[in-house]
Amino acid sequence: MLPTDLATADSQFPGVLNPPFHLATDSLANNYQMQDPEFIRLTGTIKTKAGELKSKLSAFSSELKQVPEVTAASVPIASQLKAIKRTYFQPMPLPAC
């Protein structure tokens with residue numbers, strides 16, 4: 001695709017072209033994926049699954065609130081409760097694009 005004399009004249013020049021080619025191929029792949037019936041079906045189930053997880057997490061949170069303060073304050077239990085809250089009740093970071 002690239003003339004040899006152009007590619008060999010500057011060793012960094014082909015590397016400059018790689019990001020736009022990767023962007024183009026990723027865009028095409030995303031477009032094809034969005035048209036795939038199986039992909040569409042699976043992404044449609046995400047909202048349902050997220051709702052189920054939200055209700056389970058809410059129930060779990062309610063159960064945690066029922067742990068007596070004295071028990072929750074004891075050192076081994078407090079550290080475990082802190083780890084649970086940090087793991088399950090912190091906002092999840094968005095993936096990098």
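Quantities reported herein were computed from a predicted structural model and do not represent experimental measurements.

## Let's talk about the overall build of the chain
Within the chain, the regular secondary structure consists of five helices and zero strands. Reading the secondary structure of the chain in the N-to-C direction produces α-α-α-α-α. Counting over 97 residues, the chain shows a buried share of 3%. When the accessible area of the chain is evaluated, it comes to approximately 8,700 Å², of which 65% is carbon and sulfur surface.

## Here's the deal with the environment of I40
With respect to the element layout, I40 can be found in helix α3 (residues 37-65). Overall, the relative accessible area of 46% leaves I40 in the partly exposed class. With near-sequence residues (within four places) excluded, I40 lies in contact with M34 and Q35.

## Observations regarding the pattern of salt bridges
Counted under the stated rule, the structure contains two salt bridges. Between E38 and R41 there is a salt bridge whose closest N-O contact spans 2.7 Å. Residue E38 and its partner R41 are located together in helix α3, separated by three residues, close to a single helical turn. Judged by relative accessible area, R41 falls into the partly exposed class, the value being 46%. For the salt bridge of K49 with E52, the shortest nitrogen-to-oxygen distance reads 4.0 Å. With K49 and E52 both in helix α3 and three residues apart, this pair spans about one turn of that helix. With relative accessibility at 36%, the residue E52 sits in the partly exposed group.

Conventions and cut-offs
Residues numbered from 1 in each chain as written. Predicted model: local features only at pLDDT ≥ 70, side-chain atom pairs only at ≥ 80, totals over all residues. Heavy atoms only, no water. Helix = DSSP H or I, 4+ residues; strand = E, 2+ residues; numbered from the N terminus. Buried < 20%, exposed > 50% of the residue type's maximum accessible area, 1.4 Å probe, protein only. Areas by Shrake-Rupley, 256 points an atom, 1.4 Å probe, with all protein chains shown as cover. Contact = heavy atoms within 4.5 Å. Salt bridge = Lys/Arg side-chain N within 4 Å of Asp/Glu carboxyl O.

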